[in-house]
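Below are the chains, spelled out letter by letter.
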Protein chains: 2
Amino acid sequence: MRNIRMKIAYDGTRYNGFQTQPGGNTIQDTIEKAIETLTESRTIIIGSGRTDARVHAEGQVFNFHTESRISIERWALALNSRLPEDIRVVEHAVEVPPDFHSRFSAKRKTYRYSICTAKFHNVFRRNYEFHHPAPKLDADAMRAALEQLAGEHDFTSFTTNHSDDKSHVRTIYEAVLREEKERLELFLTGNGFLYNMVRIIAGTLIHVGQGKIASDAMGSILESRDRLLAGPTAVAHGLTLINVDYGENKA
Amino acid sequence: MRNIRMKIAYDGTRYNGFQTQPGGNTIQDTIEKAIETLTESRTIIIGSGRTDARVHAEGQVFNFHTESRISIERWALALNSRLPEDIRVVEHAVEVPPDFHSRFSAKRKTYRYSICTAKFHNVFRRNYEFHHPAPKLDADAMRAALEQLAGEHDFTSFTTNHSDDKSHVRTIYEAVLREEKERLELFLTGNGFLYNMVRIIAGTLIHVGQGKIASDAMGSILESRDRLLAGPTAVAHGLTLINVDYGENKA
């Protein structure tokens with residue numbers, strides 16, 4: 001039995017999220033179906049984590065155990081020829097040790113939240129960024145707020161109530177707000193993220209940028225452990241899972 | 001009666017092209033419907049030219065005559081609020097002289113044809129670029145061929161047979177092939193383009209890049225006035241109308 005790991009990108013627009021659910025039409029269902037047509041055997045894949053409906057990925061990772069004898073070099077192209085155009089394997093498959101688990105073995109994850117600040121939204125990126133034409137967001141204030149979120153904290157204020165994680169303590173290693181012409185991009189790298197955590201951080205920063213939340217309030221919002229003090233959950237389609245790091249190629 | 005000009009961008013993926021046709025579902029139909037709901041009067045718009053099904057625009061231009069008293073400043077936002085998300089007015093409307101005609105008054109047009117050369121296609125750009133992973137295209141040969149197309153020529157070899165233009169002589173002012181990481185972008189600026197001309201030039205350059213057509217053959221292909229000597233018509237979705245120039249803001 002081999003354990004195979006793959007890296008995929010997907011446009012989440014028309015899917016009900018990554019993880020299998022009763023309503024169907026998920027990324028996981030689609031990939032499992034493609035593997036089944038390829039191997040003629042029902043296979044469950046293990047994702048690095050779920051992503052919500054309309055959330056995208058440039059670098060989601062999954063693994064699966066298989067008896068298939070398809071050579072490791074053939075997997076990427078073979079699966080791509082059976083996947084719809086909005087899901088794509090983006091690197092060659094690798095064989096990993098039997099105990100590798102895409103979720104439990106992950107060391108760091110990076111997400112991007114994209115905000116289009118142009119007066120008129122870009123039709124080619126309409127499904128991949130949140131459009132916020134006015135008022136002008138104060139990027140310096142957002143950056144000052146963001147700095148206070150870096151490090152190890154209890155992020156209870158930044159997750160939805162029905163989160164079932166036992167501990168709400170997570171570490172954010174990197175928190176960067178890039179300002180481009182007519183676009184703001186928030187990059188967060190951490191050892192893990194609670195349910196809706198990136199979207200609530202993004203929504204809170206947008207309120208900071210609008211002047212509705214003071215940029216120095218992050219400390220007290222974290223301490224309060226009260227979801228009601230943070231900003232709204234930013235819309236799903238601005239969010240993209242950029243990378244999952246397993247600590248393998250680090251200096 | 002005012003004559004109003006507007007600039008729009010659209011994702012052509014789900015439309016049967018720009019121009020009204022019996023099958024419906026065109027960009028023009030959609031815009032005319034939006035204007036009708038706004039002004040309560042049936043209005044015909046004049047585009048700078050048609051674009052085919054699945055062809056996109058960053059800067060298509062149209063004008064229309066209207067009795068509406070809606071102020072010129074309000075038009076862009078008012079129309080955007082009535083258009084689907086894949087069509088967007090991208091600049092404020094301007095009032096133009098009564099004889100301005102988006103097609104006949106156009107001085108120069110610029111098109112881009114995009115080719116993704118990565119091994120695996122980019123899911124976020126899958127509808128906006130042609131995927132050509134292998135063999136590696138010879139960009140230098142393509143550039144050498146492209147240079148021979150600049151200037152005034154009879155482009156009969158580079159249009160489909162059923163083109164009904166009387167003269168096939170056009171001038172290409174600028175012809176550039178930009179090479180980026182895993183992407184080639186062909187930019188053509190000319191005084192006008194025959195039916196399918198940019199796509200046939202792109203398809204011919206791809207054959208040059210593959211070594212199927214010699215890079216110095218362009219002169220003889222032009223001279224032959226024979227469509228069969230040029231390359232295939234490149235797929236529609238790689239093509240985007242970038243700009244229409246009316247010679248107004250030139251030094």
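Structure first, text after, so check above.
Residues numbered from 1 in each chain as written. Chains lettered and ligands numbered in written order. Predicted model: local features only at pLDDT ≥ 70, side-chain atom pairs only at ≥ 80, totals over all residues.

(A) Up close: the overall build of chain A. The number of helices and strands found in chain A is five helices and 11 strands. The C-alpha atoms of chain A give a radius of gyration of 19 Å, which matches the 18 Å a tight globule of 251 residues would have. Referenced to the eigenvectors of the C-alpha coordinate spread, the extents of chain A come out at roughly 60 × 40 × 40 Å. Pairs at least 24 apart in sequence give 72% of the contacts found in chain A among residues at least 6 apart. (Helix = DSSP H or I, 4+ residues; strand = E, 2+ residues; numbered from the N terminus. Rg over C-alpha atoms; globule rule 2.2 N^0.38 Å. Contact = placed C-beta atoms within 7 Å.)

(B) Structural detail: the relation of the copies chain B and chain A. Turning chain B through 180 degrees and shifting it by 0.0 Å along the axis lays it on chain A, with an RMSD of 0.0 Å. Taken together, the rotation and translation relating the two chain copies correspond to the operation of a two-fold axis. Mapped onto chain A, 100% of the interface residues of chain B again fall at the interface, so both copies present the same surface. (Least-squares fit on C-alpha atoms with pLDDT ≥ 70 in both.)

(C) Spotlight on the interface of chain B and chain A. Listed by partner, the interface residues are 16 residues for chain B and 16 residues for chain A. For the side of chain B that touches chain A, a count of residues per class yields nine nonpolar, two polar and five charged. (Nonpolar A, V, L, I, M, F, W, Y, C, P; charged D, E, K, R; others polar.)

(D) Main features of helix α3 (residues 139-147) of chain B. Buried within α3(B) we find Met142(B), Ala145(B) and Leu146(B). Considered in projection along α3(B), the buried side chains sweep an arc of 100 degrees and stay on one side of the axis. (Buried ≥ 20, exposed ≤ 12 C-beta atoms within 10 Å, placed from the backbone. Arc of directions from axis to C-beta.)

(E) The arrangement of the pairing of strand β3 (residues 56-66) of chain A in detail. Residue and element names in this part refer to chain A. Bridging between strand β1 (residues 2-10) and β3 involves eight bridges; their strand directions are antiparallel. In the sheet register, methionine 6 faces β3, and the bridge partner there is phenylalanine 62. Direction of pairing for strand β2 (residues 46-47) relative to β3: antiparallel, over a ladder of two bridges. Across the sheet, residue glycine 47 finds its bridge partner in β3, namely phenylalanine 62. Where β3 meets strand β11 (residues 239-245), two bridges bridge the pair, whose relative direction is parallel. (Pairing = 2+ DSSP bridges.)

(F) Structural view of the environment of Asn161(A). By the element assignment, Asn161(A) lies in the loop between β8 (151-154) and β9 (169-180). It is 9.5 Å that separates the C-alpha atoms of Asn161(A) and Asp226(A), two residues lying 65 residues apart in sequence.

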